[in-house]
Amino acid sequence: MSRLIDRVLYGGVRMVAHLPLKVLYLFSDMLHILLYDLLRYRRKVVMKNLAEAFPDKSAREHKKICREFYRNFSDYIFETLKLAHISDSEMMERMEFENMDLLMNYMDSGRSVVAYFSHCFNWEWAPSVTLHYDHATDRRMEFCQVYRPLRNEAFDTLMLRLRSRFGSLSLKKRSVLRDLLRFRRDGVVTVTGFMSDQKPSHGDPIHVVEFLNHPTAVITGTETLASRLGMAAIYWDIAKISRGHYRITMRNLSEDVGMEEPMAVTHRYFDMLEQTIRRNPSNWLWTHKRWKHKVTLEMNDMNLRIE
């Protein structure tokens, strides 16, 4: 029964994905109206987040950003479905990668890399980086991304299939350290993407940074893992160029995270991420209650953990 559900779900997505993006964007326009105007899906959360993150902007500006965010959010949904049927050449035209030499130089020298990136649209297209790497090299390497399994098994299977479209591996968060240690033991150079703008999980240590006008508890596991493995760190700065066209610019965070002061890379990342969001506020995921639980910078000295 589980396999039947998976086949039916993926088959339906494949049917939708066969449509050209210009047709899918017509459906996106309708979804935008449904989410923003009719269902008002999480609009209060989005408006509250925007008002607190940008107190210098007017209510009219907040509303404009909010509406544009829902347009981007709707596009993101159909662009993600399109992964089930899109050619390599079309994806290479739509997803650009700048400063790839930074990444290639690390890999060619045998250095594994953590790629910090965020919920900026369209993050699901980021695994297409494999199309821009010179596979003529004889060095063994793997492109990976870390994920948290979805509660719904059918949708989890679907998303794993979409994310593996360009040959990257999806590593479960709870076992990623073990997986990367195994790759290192086998002499495999890795590039591993971490969605590092999520809320820290239950039991994680509390570390607070000033981010978007809020003291914010942030994920520290990315830096801890990279430090332990002596990996380099790069920030993938995502920008929406136009509808259906994105650019990721590789920005160096650290040549060796293990040689940095504790949490220095984490702070550097969130400084860069805030610049990205301020450049185009409508392109970040605002529907989550990012600041539901109040924290303070003083908590950094208390050795507390997320409850």
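Reference entry: report on the structure contained in this document. (Residues numbered from 1 in each chain as written. Predicted model: local features only at pLDDT ≥ 70, side-chain atom pairs only at ≥ 80, totals over all residues. Heavy atoms only, no water.)

**Quick notes on the pairing of strand E6 (residues 208-211)**
The condition is simple: For two strands to count as paired, DSSP must find a minimum of two bridges between them. Strands are runs of DSSP state E lasting at least 2 residues, helices are runs of H or I lasting at least 4, and numbering of each runs from the N terminus.
Strand direction decides the pairing type here: E6 and strand E7 (residues 214-217), joined by four bridges, are antiparallel. Counted as the bridge partner of Val 209 is Thr 216 from E7. Taking the residues that link successive antiparallel strands as the turn, the E6-E7 hairpin has two residues, and the phi of Leu 212 there is positive, at about 55 degrees.

**Looking at the layout of surface pockets**
Rules: Lining residues are defined by having an atom within 4 Å of a point belonging to a cavity or pocket. Those points lie on a 1 Å grid over the protein atoms alone, cavities being sets where a 1.4 Å probe fits but cannot get out and pockets being open sets with protein on both sides within 12 Å along at least five of seven lines. Grid points are joined across faces, edges and corners, and a volume is the space filled by probe spheres set on the points. Side-chain classes follow a simple rule in which Ala, Val, Leu, Ile, Met, Phe, Trp, Tyr, Cys and Pro form the nonpolar group, Asp, Glu, Lys and Arg form the charged group, and the remainder, Gly included, forms the polar group.
In this structure, the largest pocket spans a volume of roughly 1,500 Å³. Residue lining of the largest pocket: 49 residues in total, with His 119, Tyr 147, Arg 148, Met 195 and Gln 198 positioned closest to the centre. Taken together, the residues of the lining of the largest pocket break down into 25 nonpolar, 12 polar and 12 charged. If you add up the space inside the second largest pocket, you get close to 400 Å³. In terms of lining residues, the second largest pocket is bounded by 19 residues, among which Pro 200, Ala 217, His 293, Ile 306 and Glu 307 are the most central. A class-by-class count of the residues in the lining of the second largest pocket yields eight nonpolar, four polar and seven charged.

**Things to note about the nonpolar core**
Condition: Buried Ala, Val, Leu, Ile, Met, Phe, Trp, Tyr and Cys residues form a nonpolar core when they are joined through side-chain atoms within 4.5 Å. Type-normalised accessible area, obtained with a 1.4 Å probe on protein chains alone, sets the label of each residue: buried when under 20%, exposed when over 50%, and partly exposed for intermediate values. We call two residues in contact when some of their heavy atoms are within 4.5 Å.
Of all hydrophobic cores here, the largest spans 90 residues; its most connected members are Leu 103, Phe 211, Leu 212, Trp 236, Met 250 and Trp 286. Of all the elements, helix H4 (residues 59-81) adds the most residues to this core, at seven residues. Setting aside its immediate chain neighbours within four residues, Met 250 contacts Phe 97, Glu 98, Asn 99, Met 100, Leu 102, Leu 103, Val 129, Ile 234, Tyr 235 and Trp 236.

**Looking at empty space enclosed by the protein**
Inspection of every chain in the model, using the stated rule, returns one cavity of 30 Å³ or more. Mapped by element, the contributors of at least two residues to the lining of the largest cavity are strand E3 (141-147) and strand E5 (189-195). Grouping the constituent residues of the lining of the largest cavity by class yields eight nonpolar, four polar and no charged.

**Regarding helix H10 (residues 264-279)**
Note the following rule: Take the residue count of a helix, subtract one, and multiply by 1.5 Å to get its expected span.
End to end, H10 covers 23 Å across 16 residues, agreeing with the expected 22 Å (1.5 Å per residue, within 8%). Taken as a whole, H10 has its buried residues at Val 265, Thr 266, Tyr 269, Phe 270, Met 272, Leu 273, Glu 274, Thr 276 and Ile 277. Against strand E2 (113-117), E6, helix H9 (221-229), strand E8 (232-242) and strand E9 (245-254) lie the buried residues of H10.

**Remarks on the packing of aromatic side chains**
So the rule is basically this: Here a pair means two rings of Phe, Tyr or Trp (six-membered ring of Trp) with centres within 6.5 Å. Their orientation is stacked below 30 degrees between planes, edge-to-face above 60, and tilted elsewhere. Ring-over charges, as used throughout, are those where CZ of Arg or NZ of Lys falls within 6 Å of the ring centre and within 35 degrees of the ring normal.
Under the definition given, this model contains 22 aromatic pairs. When the centroid spacing of 5.9 Å and the interplanar angle of 85 degrees are considered together, the rings of Phe 211 and Trp 284 count as edge-to-face. With Phe 211 in strand E6 and Trp 284 in the segment after H10, the pair connects residues that are 73 residues apart, well separated along the chain. The exposure classification of Phe 211 matches that of Trp 284, with both residues buried. Taken together through their ring pairs, the aromatic side chains of Tyr 36, Tyr 41, Phe 69, Tyr 70, Phe 73, Tyr 76, Phe 121 and Trp 123 make up a single cluster. When the ring centre of Phe 54 is taken as reference, the NZ or CZ atom of Lys 57 above it lies at 5.8 Å. One cation-aromatic arrangement involves Arg 161 over Tyr 10; the distance from NZ or CZ to the ring centre is 3.6 Å.

**Things to note about the environment of Leu 304**
Within the secondary structure layout, Leu 304 lies in the segment after H10. The partly exposed category is assigned to Leu 304, whose relative accessible area is 33%. The spatial distance from the C-alpha of Leu 304 to the C-alpha of Gly 203 is 9.1 Å, given a sequence separation of 101 residues. Those residues in contact with Leu 304 that lie beyond four places of it in its chain are Asp 204, Pro 205, Ile 206 and Met 299.

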